[in-house]
Amino acid sequence: MKKSRLPVLVAAAAVLVGLAVWSGRARRPQKPQQIGKPVLAGLPVNDIRRIEIAQASNRVVLASRGDGWVAESLFNYPADFGKIRDNLLTLRDLTVGDVQRGARLDPANTTLVDLQDETGKPLATLRLGEVRTKSENEYGWSPPDGRSVAAGADDTVFLVKDPLSAFAPDVKTWIESEIVNLPSADIAAIAFAGPGGAFTLDRSSGALALPGLATNETFDTSKAYGAESALSYLRLADLADPSLDDAQTGIATGHTCTVTTKAGEIYTARVGVAAPGRGERYFRLAVAAEPVSTNAAERAELTKKAAELHAKVSPWLYLISSWSADNMTRSRADFIKPAEPPKPAESAAPAKPVEPTAPAAPAKPAEPAAPAAPAEPAVPGPAHGSPRRLQP
């Protein structure tokens with residue numbers, strides 16, 4: 001081989017090696033550029049004034065009003081601003097975990113989240129697809145582990161780590177479910193009134209009791225706990241149309257439970273019938289105050305507190321669980337302990353049977369008497385006192 005051809009061959013070999021390396025890299029799958037980037041880049045969270053969540057026929061509408069957020073799709077009931085803020089920040093910080101090449105979201109099972117400004121102009125939209133779950137754990141269920149999403153009109157499907165469970169089309173996800181929370185220790189008296197009559201339980205003696213018991217009646221203290229905890233952590237099951245009047249809901253002829261606190265707050269709870277096709281019952285609550293304290297500042301503070309709570313709860317027609325309603329619709333007889341049935345008289349123990357005695361042994365027959373020895377013949381004596389002769 002001529003020396004002049006050697007550099008040419010070396011250069012050709014280098015080119016071939018370079019082509020092989022380039023070809024291998026070209027065939028190697030590349031990491032998508034979107035991974036780690038925001039799904040909703042530049043989302044103006046502070047400009048959002050309206051949120052619409054829709055899936056099929058289910059629709060949730062939340063709107064910001066002058067005095068806070070409300071659930072427009074639930075009679076404008078106050079929404080939980082904390083939940084709204086936290087979930088909007090979650091959307092702002094949502095990043096791409098992976099790109100699902102070739103995947104498409106099923107329109108029939110897609111939830112649309114539309115974020116709008118105060119004029120109703122869309123600021124961003126997000127389509128939520130299937131929730132990915134981990135394999136079944138030791139407790140027998142599969143926890144969520146991310147979700148498929150698509151932003152705007154782009155059909156590219158991303159996988160994100162957060163399952164975004166709060167964006168289900170259920171309006172109760174976005175409201176505060178607690179109606180009132182009155183600690184039982186604060187209660188001074190509970191007055192019940194209903195079709196069966198009226199009576200009062202009071203705590204003047206220290207523990208909740210039923211005054212005026214007859215001599216043959218005993219107060220059932222186990223029922224007292226349910227009565228005094230009736231307004232403790234009371235939560236709504238749902239809301240009914242506030243325009244329904246008390247005659248339609250059975251409240252006009254139903255039960256009233258009036259709870260007075262030691263400080264002088266007065267909670268008037270009224271319970272109606274069960275809603276059509278449901279087990280939950282209609283419920284309304286009003287709050288007033290007759291402060292016990294003689295301190296002017298304390299009286300004013302308690303009156304203000306009661307007025308604010310009244311303004312919050314009184315406009316609404318709630319549905320509460322039947323169990324909660326039962327504790328507010330007791331009759332006097334419910335608090336009377338059933339009389340214990342008389343114990344049967346103890347009968348005398350049966351007499352112990354007399355054990356038969358063994359028969360007496362038969363008397364031993366008396367032995368016959370030995371025959372008497374024959375009497376010896378008398379020896380005639382001599383006449384006229386002659387001495388007796390012994391030998392002839």
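Look up: the structure comes first, before these words.
All figures in this text were calculated on a predicted structure; none of them were measured in a lab.

### Quick look at unusual backbone geometry
Moving on, step 1. One non-glycine residue, Phe75, lies in positive phi territory at about 60°.
Moving on, step 2. You can see Phe75 is positioned in the loop between β3 (68-71) and β4 (77-78).
Moving on, step 3. By relative accessible area, Phe75 is classed as partly exposed at 36%.
Moving on, step 4. Located in the positive-phi region is Leu164, a residue other than glycine, with phi close to 55°.
Moving on, step 5. Among the secondary structure elements, Leu164 is positioned in the loop between β9 (158-160) and β10 (178-180).

### Re the sheet that holds strand β8 (residues 144-151)
In a beta sheet, neighbouring strands are held together by backbone hydrogen bonds and run either parallel or antiparallel to one another.
Moving on, step 1. Strand order in the open sheet made by the nine strands is β4-β3-β2-β1-β6-β7-β8-β9-β5, with antiparallel pairing throughout. Every interior strand has two partners, whereas the edge strands, β4 and β5 (98-99), have only one.
Moving on, step 2. Pairing between strand β1 (residues 50-55) and strand β2 (residues 58-65): six bridges, direction antiparallel. From the neighbouring strand, Gln55 faces β2, where its bridge partner is Asn58.
Moving on, step 3. Lying on the sheet, helix α2 (residues 81-92) is in contact with β1, β2, β3, β6 (111-116) and β7 (122-133); it crosses β6 at an angle near 100°.

### Side note on α2
Moving on, step 1. With twelve residues, α2 should cover 16 Å at 1.5 Å per step; its first-to-last C-alpha distance of 16 Å lies within 8% of that length.
Moving on, step 2. Regarding α2, the residues found buried are Gly82, Ile84, Asn87, Leu88 and Leu91.
Moving on, step 3. Contacts from the buried residues of α2 go to β1, β2, β3, β6 and β7.
Moving on, step 4. Measuring from the side-chain oxygen of the N-cap residue of α2 to the backbone nitrogen of Gly82 gives 3.0 Å; that N-cap residue is Asp80.

### Quick look at the pattern of salt bridges
Moving on, step 1. Scanning all chains against the criterion turns up 16 salt bridges.
Moving on, step 2. For Arg50, the salt bridge identified is with Glu72, shortest N-O distance 3.1 Å. Within this pair, whereas Arg50 is found in strand β1, its partner Glu72 is found in the loop between β3 and β4, the two being separated by 22 residues in sequence.
Moving on, step 3. Judged by its relative accessible area of 31%, Glu72 falls in the partly exposed class.
Moving on, step 4. Through salt bridges with shared partners, one network takes in Arg50, Glu52, Arg59, Arg65 and Glu72.

### Thoughts on helix α5 (residues 296-313)
Moving on, step 1. End to end, α5 covers 26 Å across 18 residues, agreeing with the expected 26 Å (1.5 Å per residue, within 8%).
Moving on, step 2. Inspection of α5 places Leu302, Ala306, Leu309 and Val313 among the buried residues, and these make up the whole buried set. When α5 is viewed along its axis, its buried side chains cluster within an angular range of 65° and face the same direction. Every exposed residue of α5 that faces more than 90 degrees away from the buried side is listed here: Ala296, Ala297, Glu301, Lys304 and Ala311.
Moving on, step 3. Of the surrounding elements, those touching the buried residues of α5 are β10, β16 (265-274), β17 (281-289) and β18 (317-320).
Moving on, step 4. At the N-terminal end of α5, a side-chain oxygen is found 3.0 Å from the backbone nitrogen of Ala297, two or three residues along, and the residue is Asn295.

### Some details on the packing of aromatic side chains
Moving on, step 1. Following the criterion strictly, the structure yields eight aromatic pairs and no others.
Moving on, step 2. Seen from their ring centres, Tyr77 and Trp316 are 4.9 Å apart, and the 70° between their planes marks the pair as edge-to-face. Here Tyr77 is found in strand β4, whereas its partner Trp316 is found in the loop between α5 and β18, with 239 residues between them in sequence.
Moving on, step 3. Overall, Trp316 belongs to the buried group, its relative accessible area being 11%.
Moving on, step 4. Three or more aromatic residues joined by ring pairs form one cluster here, namely Tyr77, Phe283, Trp316 and Tyr318.

The rules behind each value
Residues numbered from 1 in each chain as written. Predicted model: local features only at pLDDT ≥ 70, side-chain atom pairs only at ≥ 80, totals over all residues. Heavy atoms only, no water. Helix = DSSP H or I, 4+ residues; strand = E, 2+ residues; numbered from the N terminus. Buried < 20%, exposed > 50% of the residue type's maximum accessible area, 1.4 Å probe, protein only. Pairing = 2+ DSSP bridges. Contact = heavy atoms within 4.5 Å. Axes fitted to C-alpha atoms, helices over the stretch in contact; angles between N-to-C directions. Expected span 1.5 Å × (residues − 1). Polar contact = N/O pair within 3.5 Å; in protein donor to acceptor, adjacent residues only side chain to side chain. Salt bridge = Lys/Arg side-chain N within 4 Å of Asp/Glu carboxyl O. Arc of directions from axis to C-beta. Phe/Tyr/Trp six-rings, centres within 6.5 Å; stacked < 30°, edge-to-face > 60°.

Nothing here speaks to function; it is geometry throughout.
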